[in-house]
Structures are given as C-alpha cells and as structure tokens.
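Below are the chains, spelled out letter by letter.
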Amino acid sequence: MESLGRLNARIFVYVLERLPAAEDGWTWTFRAAPDAPAQVVAAAPLTVDPGAAAVLTLGSLGGRVLVTLTDAEPARMAALLARVEREAPAGPSAPADVAFALEDPFLAEHGRAGVALLPPSVTRFFPRLPDAVRFEDDAFAISAAVFLSTDELSLAREHGVQALAERFHVAGRNLLRFAHRPR
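A word on the environment of Val-98. With respect to the helices and strands, the residue Val-98 is situated in strand S5 (residues 98–101). Between the C-alpha atom of Val-98 and that of Glu-85, which follows or precedes it by 13 residues, the distance is 12 Å. In this view, Val-98 contacts Pro-89, Val-115, Ala-116, Leu-117 and Val-161; residues no more than four positions away in its chain are not counted.

See below:
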C-alpha cells in the first residue's frame, strides 16, 4: 500500500464513509510517464459483497474524484481509472457529466467501449455521495465512473449523457457487474 498525503487520505476516508465499503483497502500510484505527476488510486472491498470493491481516484490531478463499484480485479480497475482521470475533461469549465470512448483491451474483453462520468446524484448507485466536496481550499467534483457497452456509448453520443443516466435509472443497471451480457 502506498503512503498517502494528507489530502489523498482525507478523500479516501470521506468517500469510504459514504459507501458500503470496508474501512481498509489498497492504494496504487500511477504515472503516465516517468516525469508525469503521480496519480493515487485506492480501493476497498464492499461490505455488502466482499467479492466486489469500490475503486476511486484520490484527486491527485485535481478537480475531479472518480468512483466506481466493480466485481473486476481492483488493481486492474485502479489502472483503468487512472487512465480515465488523465483523459477526462478537466478544469473549471469541464462538464459535470461526460461520456467518451476508451479503447482498451481489458474493456473490450468485457464488452465495454467507453466510460460515462456522472454526478452521483443522477445515479442510484451512490445515494450518500455528494456531487462535489471541499477540503479547505481544495474543491473536487465527484463523478460516478460507469463503463459503457457499445449501445450505451451510442446512446450518450446521439442523445446526450442525461439520456444515458435516465436509462440507467429506469432500467436498474447493475453497476457492480463488469462483464457485459447483451439484452
């Protein structure tokens, strides 16, 4: 487990307290290149399903914390979330919700073609997690990272991310199960 800076640790504890997750977990540090900033990603097993985990970025790149629930290997999902954090729109003008394609062999193997970043309030998956949080002078948008099938990505592109969020709400999509089963 990587040692965490104060802000990273506060984010980790804050999110875990609002999820059905265990109090302990794992962390990893990723760098896009040797001289790139370090990205810290964490995971903790879910208390309601020990075969699943919450995986989250810890705000290392600033601006956004990504959270997902998964039954996939936490270490593999941590690397994937670090990549999503690097590729997602960032900065004060970045949209709160966005969907984009993400070419990755692991995603393709599991029937996924992209990712949606949604405010937790538009999902049913994180009822206790706010859309944003502030720690002293640092503010972060919190985004639920939902890995998308090809048809879900097409829906987001054609009708907007809100249509995708509505579909998840109405259809009762299972966020935990990473493997895709066509309907």
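The set of residues buried in helix H4 (residues 150–159) consists of Glu-152, Leu-153, Leu-155 and Ala-156. For H4, the buried positions fall inside an angular range of 155° around the axis, keeping them on one side. Residues of H4 that are exposed and angled more than 90 degrees away from the buried face: Thr-150, Arg-157 and Glu-158. Directly after H4, the chain includes Gly-160, whose backbone phi takes a positive value near 95°.

Moving on, we come to the nonpolar core. Counting 26 residues, the largest nonpolar core has Val-15, Val-67 and Phe-126 as its most contacted members. Among the elements of the structure, helix H1 (6–17), strand S2 (39–45), strand S3 (53–57), strand S4 (64–70), strand S7 (132–135) and strand S8 (138–148) are those that each provide at least two residues to this core. Take this core: its biggest share by element is 5 residues, from H1. Apart from the residues within four sequence positions on either side, Val-15 is in contact with Leu-56, Val-67 and Leu-129. Judged by nonpolar contacts, the second largest core, of 21 residues, contains Val-41, Leu-66, Leu-80 and Val-84.

Before going further, it helps to examine the side chain of Gln-39. Secondary-structure assignment places Gln-39 in strand S2. Within polar-contact distance, the side chain of Gln-39 engages the backbone oxygen of Ala-82 at 2.8 Å. Within the structure, the side chain of Gln-39 is placed 2.7 Å from the side chain of Glu-85, a separation counted as a polar contact. Contact partners of Gln-39, with chain neighbours within four places excluded, come to Trp-28, Thr-29, Phe-30, Ser-60, Leu-61, Ala-82, Glu-85 and Arg-86.

This part covers the side chain of Arg-112. Within the secondary structure layout, Arg-112 lies in the loop between helix H3 (105–109) and strand S6 (114–118). Despite being buried, Arg-112 has no salt bridge partner; Glu-152 is the closest side chain of opposite charge, sitting 4.5 Å away. In terms of polar contacts, Arg-112 uses its side chain to reach the backbone carbonyl oxygen of Phe-147, at 3.3 Å.

Each regular strand carries side chains that alternate between the two faces of the sheet. Every second residue of S5 is oriented toward a common face, the buried set being Val-98 and Phe-100 and the non-buried set Ala-99 and Ala-101. Of the pairings in the sheet, the one linking S5 to S6 comprises 4 bridges and is antiparallel in character. When the sheet's bridge partners are listed, Ala-101 is paired in S6 with Gly-114.

With that out of the way, let us pick up the packing of aromatic side chains. For the structure on display, the rule yields 1 aromatic pair. Measuring from ring centre to ring centre gives 5.6 Å for Tyr-14 and Phe-135, while their planes differ by 90°; the resulting arrangement is edge-to-face. In this pair, Tyr-14 is assigned in helix H1 and Phe-135 in strand S7, connecting sequence segments 121 residues apart. Residue Phe-135 is classed as buried on the basis of its relative accessible area of 6%.

Thresholds, definitions, all that
Residues numbered from 1 in each chain as written. Predicted model: local features only at pLDDT ≥ 70, side-chain atom pairs only at ≥ 80, totals over all residues. Heavy atoms only, no water. Helix = DSSP H or I, 4+ residues; strand = E, 2+ residues; numbered from the N terminus. Contact = heavy atoms within 4.5 Å. Buried < 20%, exposed > 50% of the residue type's maximum accessible area, 1.4 Å probe, protein only. Arc of directions from axis to C-beta. Core = buried A, V, L, I, M, F, W, Y, C linked by side-chain atoms within 4.5 Å. Polar contact = N/O pair within 3.5 Å; in protein donor to acceptor, adjacent residues only side chain to side chain. Lys, Arg positive; Asp, Glu negative; His and termini not counted. Salt bridge = Lys/Arg side-chain N within 4 Å of Asp/Glu carboxyl O. Pairing = 2+ DSSP bridges. Phe/Tyr/Trp six-rings, centres within 6.5 Å; stacked < 30°, edge-to-face > 60°.

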